[in-house]
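# Inside the fold
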Amino acid sequence: NLNDELIMKKYLLILFVSLFSSFAGFAQDDDPPEDGGGKLLERMQQYIQKRLNLTKTESEKFSPIFLRYITELRKTHRENRGDRPMLQLRVAELRVKFRDQFRQVMDEQRANRVFQHQKEFEEIVKNEIRMRNQERRRGPRTRAVGPQVI
């Protein structure tokens, strides 16, 4: 129904505007975000946990390791911003380091998929932001209004 569709679109818009603003500020500090900026990270973490089918115990152990990984990833991006080959090398080293830590929580196959699911989530957010920006550029859509019947 059209009303449900509009409500869902509004909800998604609010969600992704908040995610986008969180994403923009995400790489700005070394500490894990504690306020609204952490919503994107929290959603990414939930997405990955769901995709990996982690148990509650595994999730509890995974969360602090994942937060450390993201913190170090942000720091690595900041430190190597102008040197793409070095950035790629440092990110690869970081992933190897944290893959070993993830293996302490889950089996090797799932530990290897953490980074794949992280990339999937980032692509979903980027695509949604891109779609929202395109809709915003097109301007508000108006429905044709025919003669009113009283």
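Worth saying up front: this structure is predicted, and the values here are computed from it rather than measured. Residue indices begin from 1 for each chain and proceed along its sequence in written order. Local features in this predicted model are restricted to residues whose pLDDT is 70 or higher, and side-chain atom pairs enter the listing and the counts only when it is 80 or higher, whereas totals over whole chains, interfaces and linings include all residues. Note that the side-chain values use all heavy atoms of the structure and ignore hydrogens as well as water.

## Quick look at unusual backbone geometry
Its identity as a non-glycine residue notwithstanding, Asn53 has a phi of 55 degrees, on the positive side. Think of it this way: any DSSP run of H or I at least four residues long counts as a helix, any run of E at least two long counts as a strand, and we number them from the N terminus. Mapped onto the secondary structure, Asn53 falls in the loop between helix H2 (38-51) and helix H3 (56-79).

## Focus: the packing of aromatic side chains
Planes of paired rings set the category: under 30 degrees apart is stacked, over 60 is edge-to-face and the rest tilted, where pairs are Phe, Tyr or Trp rings (Trp by its six-membered ring) whose centres lie within 6.5 Å. Inspection of the entire model under this criterion finds 9 aromatic pairs. On the basis of an interplanar angle of 40 degrees and a centroid distance of 5.3 Å, the ring pair of Phe62 and Phe102 is categorised as tilted. With a gap of 40 residues between them, Phe62 in helix H3 and Phe102 in helix H4 (residues 84-103) connect regions that are remote in the sequence. A 1.4 Å probe rolled over the protein chains alone gives each residue an accessible area, and that area as a share of the maximum for its type sets the label: buried under 20%, exposed over 50%, partly exposed in between. Of the residues examined, Phe102 reaches a relative accessible area of 0% and is grouped as buried. Measuring from ring centre to ring centre gives 6.3 Å for Tyr69 and Phe102, while their planes differ by 75 degrees; the resulting arrangement is edge-to-face. In this pair, Tyr69 is assigned in helix H3 and Phe102 in helix H4, connecting sequence segments 33 residues apart.

Everything listed is a geometric property; what it means functionally is a separate question.
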